[in-house]
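# Breakdown of the fold
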Amino acid sequence: MSRRADSDETRATARPGRGDGGRPDQPGRGGGPGPDGRDDRGRAAAADARPDQPGADAASASASASASAEPVRTEEAHTTAARTGRALTTSALHAAATGADTFPAVLREALGRRGLSLERVSERLKARGITISQATLSSWQRGRSQPERARSLRAVDVLEEILDLPAGTLRSLLGPRRPRGRTTPPGAEGAALQILGEDSVVEKALGARFRHFNQETSSLMVHDIVRIGESGTMSGFSTTNVLRAGRAGADRALFVLSFDDEAAEPVDIRVTCGRLAEATYLKGLKSLVLEIHFGRKLAKLDTTVVSYAVEVSPSLTRATHYERWSRTNLHEYLQQVYFHPGALPVDCHRYVREKVGAPPRAQRRIPLGAAHDVHVLTSRCKPGVHGVAWEYGP
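Residues numbered from 1 in each chain as written. Predicted model: local features only at pLDDT ≥ 70, side-chain atom pairs only at ≥ 80, totals over all residues. Heavy atoms only, no water.

Attention shifts here to the overall build of the chain. Assigned secondary structure in the chain consists of seven helices and 20 strands. With 394 residues in all, the chain has 59% of them scored as buried. Counting every atom, the chain has about 15,700 Å² of accessible surface; 49% of that belongs to carbon and sulfur. (Helix = DSSP H or I, 4+ residues; strand = E, 2+ residues; numbered from the N terminus. Buried < 20%, exposed > 50% of the residue type's maximum accessible area, 1.4 Å probe, protein only. Areas by Shrake-Rupley, 256 points an atom, 1.4 Å probe, with all protein chains shown as cover.)

In structure tokens, the structure reads:
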């Protein structure tokens with residue numbers, strides 16, 4: 001199961017467990033991205049994928065480190081098969097996309113290489129007479145703030161020693177002093193943080209890219225399809241997403257799909273609308289990052305359709321819900337879950353959360369259809385987490 005965060009600012013997730021369970025980057029897991037973001041246990045994180053769609057050519061994408069406080073080691077990321085019309089870029093959160101020559105990126109890479117947690121680093125700095133909190137270190141590595149005061153600059157010098165970096169490596173990457181006072185995160189980032197919270201899986205998976213997470217586009221309509229196999233585990237999911245450009249020049253979108261069950265991993269990716277440019281599975285975060293190009297630069301207010309499907313390896317536990325998070329208003333969101341005749345639920349209901357981890361509200365039972373499916377159609381879908389949960393009999 002996995003969850004996902006999408007460029008259009010929706011995310012869907014499904015994971016085994018209680019239908020009212022929540023997750024991070026990302027919301028109730030088991031599934032994938034949310035309507036606007038992409039994108040778990042009983043939740044399926046596949047808002048933009050469609051398992052039953054035809055695909056194009058196969059290619060592979062490799063992995064690299066994630067931007068978490070306890071970084072994912074490179075060897076923990078592994079590649080997945082992806083079908084695309086052209087060869088894929090071959091790095092996970094590669095340098096060109098994440099800005100590897102920036103202070104945050106170099107700091108994250110060094111932390112990952114040394115295998116040090118922010119807690120350990122803070123303790124080592126304190127042992128050298130410099131008090132820097134984990135929260136401050138986290139802000140530095142995410143690019144939210146940068147060292148500027150004398151004490152902070154001394155900490156940077158000591159960090160270079162702790163992380164085995166040549167003297168001046170980090171100092172040389174510091175930009176000009178920023179205006180003092182509290183600043184508000186950019187629109188796309190700020191809206192995502194309101195739904196996902198701090199240090200979400202989505203933020204860790206995207207690293208520096210989270211600051212500009214699909215800020216050039218927004219989702220108008222999203223259609224998620226989740227398929228539950230005979231064993232009650234998720235076999236795949238698909239998403240069709242209608243995106244609108246908020247500015248001229250938009251030509252791509254990012255989607256993050258997260259999985260709560262380590263046994264459930266993406267085994268095949270098919271893109272039928274758009275071109276798959278990156279497919280990186282970060283095993284330590286149990287998340288798949290997709291970058292899909294539109295094939296052209298959009299004019300302002302132009303629309304485009306992105307469709308993709310992800311097949312998932314069998315998990316160890318049954319899926320019990322699917323969620324998608326959205327940071328913007330959707331004109332329409334359609335969520336469908338198809339069950340194998342041998343794994344029919346005894347009860348299904350829909351629900352909404354104000355944000356990831358919040359208690360479910362507006363719960364309502366929904367009937368099982370003749371095709372062994374349930375669906376929820378929401379018009380004027382507000383930002384938040386939107387899910388479907390189900391229960392099996394004894």
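What follows is about the nonpolar core. Generally speaking, soluble globular proteins have nonpolar side chains that are buried together. By size, the foremost hydrophobic cluster in this structure holds 42 residues, and its most contacted members are Ile228, Phe255, Leu257, Leu290, Tyr308, Phe339 and Trp390. Excluding residues within four positions of it along the chain, Leu290 makes contact with Ala253, Leu254, Phe255, Leu257, Ile269, Leu276, Glu278, Ala279 and Tyr308. (Core = buried A, V, L, I, M, F, W, Y, C linked by side-chain atoms within 4.5 Å. Contact = heavy atoms within 4.5 Å.)

By the definition in use, this model includes 18 salt bridges. Between Arg324 and Asp224 there is a salt bridge, and its shortest N-O distance comes to 2.5 Å. Placement of the pair is Arg324 in strand 15 (residues 321-326) and Asp224 in strand 8 (residues 217-228), with a sequence separation of 100 residues. Like Arg324, the residue Asp224 is buried in the burial classification. Asp251 serves as the salt-bridge partner of Lys297, at 3.4 Å between the closest nitrogen and oxygen. Taken together, the positions of Lys297 in the loop between strand 13 (287-293) and strand 14 (303-312) and Asp251 in the loop between strand 9 (234-245) and strand 10 (252-258) put the pair 46 residues apart, joining distant regions of the chain. Asp251 gets classed as buried once you look at its relative accessible area, which sits at 17%. By sharing partners, the salt bridges in this structure join Arg209, Asp251, Arg252, Glu278, Glu291 and Lys297 into a single network. (Salt bridge = Lys/Arg side-chain N within 4 Å of Asp/Glu carboxyl O.)

Among the residues of helix 4 (residues 134-142), Leu137, Ser138, Ser139, Trp140, Gln141 and Arg142 are the ones counted as buried. On its buried side, helix 4 packs onto helix 2 (103-114), helix 3 (118-127), helix 5 (150-162) and helix 7 (201-206). Remark: Gly143 follows helix 4 within two positions and exhibits a positive phi of approximately 80°.

Before going further, it helps to examine the environment of Arg120. Note that Arg120 resides in helix 3. Arg120 gets classed as partly exposed once you look at its relative accessible area, which sits at 39%. In sequence terms Arg120 and Gln134 are 14 residues apart; their C-alpha atoms lie 9.1 Å from each other.

Each packed pair of helices is defined by two parameters, the angle between the axes and the distance between the axes. Remark: helix 2 packs on helix 4, axes separated minimally by 6 Å, with the N-to-C direction vectors making an angle of 115°. Of helix 4, the residues touching helix 2 (which contributes Phe103, Pro104, Leu107, Arg108 and Leu111) are Trp140, Gln141 and Arg142. Looking at the contact of helix 2 with helix 4, its residues break down into five nonpolar, one polar and two charged. (Axes fitted to C-alpha atoms, helices over the stretch in contact; angles between N-to-C directions. Nonpolar A, V, L, I, M, F, W, Y, C, P; charged D, E, K, R; others polar.)

This next bit is on the environment of Val156. Structurally, the position occupied by Val156 is in helix 5. In this structure Val156 comes out as buried when scored by relative accessible area, which is 0%. Considered as a pair, Val156 and Arg171 are 15 residues apart in the sequence and their alpha carbons are 6.7 Å apart. Residues contacting Val156, with those up to four places away along its chain left out, are Phe103, Pro147, Leu170 and Arg171.

Another aspect to go through is the pairing of strand 12 (residues 275-282). Buried residues dominate strand 12, accounting for seven of its eight residues. Here seven bridges tie strand 12 to strand 13, and the two strands are oriented antiparallel to one another. Following the sheet pairing, Leu276 is matched in strand 13 by Ile292. With antiparallel pairing between neighbouring strands as the criterion, strand 12 and strand 13 make up a hairpin whose turn holds four residues, including Lys286 at a positive phi of roughly 50°. (Pairing = 2+ DSSP bridges.)

A word on helix 2. Between the first and last C-alpha of helix 2 there are 17 Å, a value that for twelve residues agrees with the 16 Å anticipated at 1.5 Å per step. In terms of burial, helix 2 is a largely internal element, nine of the twelve residues being buried. All of the buried residues along helix 2 are Phe103, Pro104, Ala105, Val106, Leu107, Arg108, Ala110, Leu111 and Gly112. Positive backbone phi, approximately 70°, marks Gly115, located one or two places after helix 2. (Expected span 1.5 Å × (residues − 1).)

Now for unusual backbone geometry. Non-glycine residue His372 carries a positive phi angle of around 60°. Counting through the fold element by element, His372 comes out in the loop between strand 18 (361-365) and strand 19 (373-381). For His372, a relative accessible area of 27% translates into the label partly exposed. A positive phi is found at Arg380, a non-glycine position, where the angle reads about 50°. Mapping Arg380 onto the fold places it in strand 19. Overall, the relative accessible area of 75% leaves Arg380 in the exposed class.

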